[in-house]
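So you can see what is in the structure, the chains are spelled out below.
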Amino acid sequence: RQCMDKLCSLRGIGEWSAHMFMMFSLARADVLPHGDLVIRKAFKRLYGCSQNMATLSQTTVAEHADLPKRKEMEEIAEKWRPYR
């Protein structure tokens, strides 16, 4: 969490960028990029949520409302620790 806070404090670095940096540059295995649209859509598809899988270029905020939220994704992914 400390690394995440430090990265997000930098101008232009948000949660998604920090997650990607931690996974690919720091080789951290236990990172769940819960804000990533593709990851959220995969959770929705694999864990029984509705199947409205619009393409990224055609999506709207309303279409993202039925995607799993952070807490739900963390609950599902808890069993994958430390390789989330």
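Remember, predicted model here, so these are calculated numbers, not experimental data.

## Re the overall build of the chain
Thinking step 1. Each helix and strand in the chain was counted, giving five helices and zero strands.
Thinking step 2. In the chain, the succession of α and β elements from N to C terminus is α-α-α-α-α.
Thinking step 3. By residue count, 31% of the 84 residues in the chain fall in the buried class.
Thinking step 4. Of the accessible surface of the chain, which amounts to about 6000 Å², a share of 57% is contributed by carbon and sulfur atoms.

## Some points on the confidence of the model for the chain
Note: predicted coordinates in regions of low pLDDT should not be interpreted at a detailed level.
Thinking step 1. The predicted model of the chain averages 85 in pLDDT, with 81% of residues at 70 or higher.
Thinking step 2. Mean pLDDT values over the elements of the chain span from 66, in helix H4 (residues 61-64), up to 96, in helix H2 (residues 15-24).
Thinking step 3. The low-confidence segment residues 51-57 (pLDDT under 50) makes 14 contacts with residues lying over four places distant or belonging to another chain.

## Brief notes about the packing of aromatic side chains
Thinking step 1. All chains considered together, the criterion is met by three aromatic pairs.
Thinking step 2. Ring geometry for Phe43 and Tyr47: centres 5.7 Å apart, planes at 35°, overall tilted.
Thinking step 3. The exposure class of Phe43 is buried, given its relative accessible area of 6%.
Thinking step 4. Of the residues examined, Tyr47 reaches a relative accessible area of 38% and is grouped as partly exposed.
Thinking step 5. With a centroid separation of 5.6 Å and an interplanar angle of 50°, the aromatic rings of Phe43 and Trp80 are classed as tilted. Pair noted here: Phe43 is in helix H3 (residues 37-46) and Trp80 is in the segment after helix H5 (70-77), with a separation of 37 residues, a long-range link.
Thinking step 6. By the ring-pair criterion, three or more aromatic residues cluster together here, those being Phe43, Tyr47 and Trp80.

## Details of the nonpolar core
Thinking step 1. The biggest cluster of nonpolar side chains holds six residues, and these are Cys3, Met4, Leu7, Ala18, Met22 and Val31.
Thinking step 2. Looking at this core, the elements with two or more residues in it are helix H1 (2-8) and H2.
Thinking step 3. For this core, the element with the highest residue contribution is H1, accounting for three residues.
Thinking step 4. Setting aside residues no more than four positions away along its own chain, Leu7 makes contact with Ile13, Ala18, Phe21 and Met22.
Thinking step 5. With five residues, the next largest nonpolar core counts Phe43, Met73, Ile76 and Ala77 among its residues.

## Digging into the packing of H3 against H5
Thinking step 1. It is the contact of H3 with H5, at a shortest axis distance of 11 Å, that shows an interaxial angle of 65°. Every pair of crossing elements has a handedness; the one defined by H3 and H5 is left-handed. Every residue of H5 that contacts H3 at Ile39, Arg40 and Phe43 is listed here: Met73, Ile76 and Ala77.
Thinking step 2. Taken together, the residues of the contact of H3 with H5 sort by class into five nonpolar, no polar and one charged.

Cut-offs applied
- Residues numbered from 1 in each chain as written.
- Predicted model: local features only at pLDDT ≥ 70, side-chain atom pairs only at ≥ 80, totals over all residues.
- Heavy atoms only, no water.
- Helix = DSSP H or I, 4+ residues; strand = E, 2+ residues; numbered from the N terminus.
- Buried < 20%, exposed > 50% of the residue type's maximum accessible area, 1.4 Å probe, protein only.
- Areas by Shrake-Rupley, 256 points an atom, 1.4 Å probe, with all protein chains shown as cover.
- pLDDT = per-residue confidence, 0-100.
- Contact = heavy atoms within 4.5 Å.
- Phe/Tyr/Trp six-rings, centres within 6.5 Å; stacked < 30°, edge-to-face > 60°.
- Core = buried A, V, L, I, M, F, W, Y, C linked by side-chain atoms within 4.5 Å.
- Axes fitted to C-alpha atoms, helices over the stretch in contact; angles between N-to-C directions.
- Left-handed = near helix turned anticlockwise from the far one by under 90°.
- Nonpolar A, V, L, I, M, F, W, Y, C, P; charged D, E, K, R; others polar.

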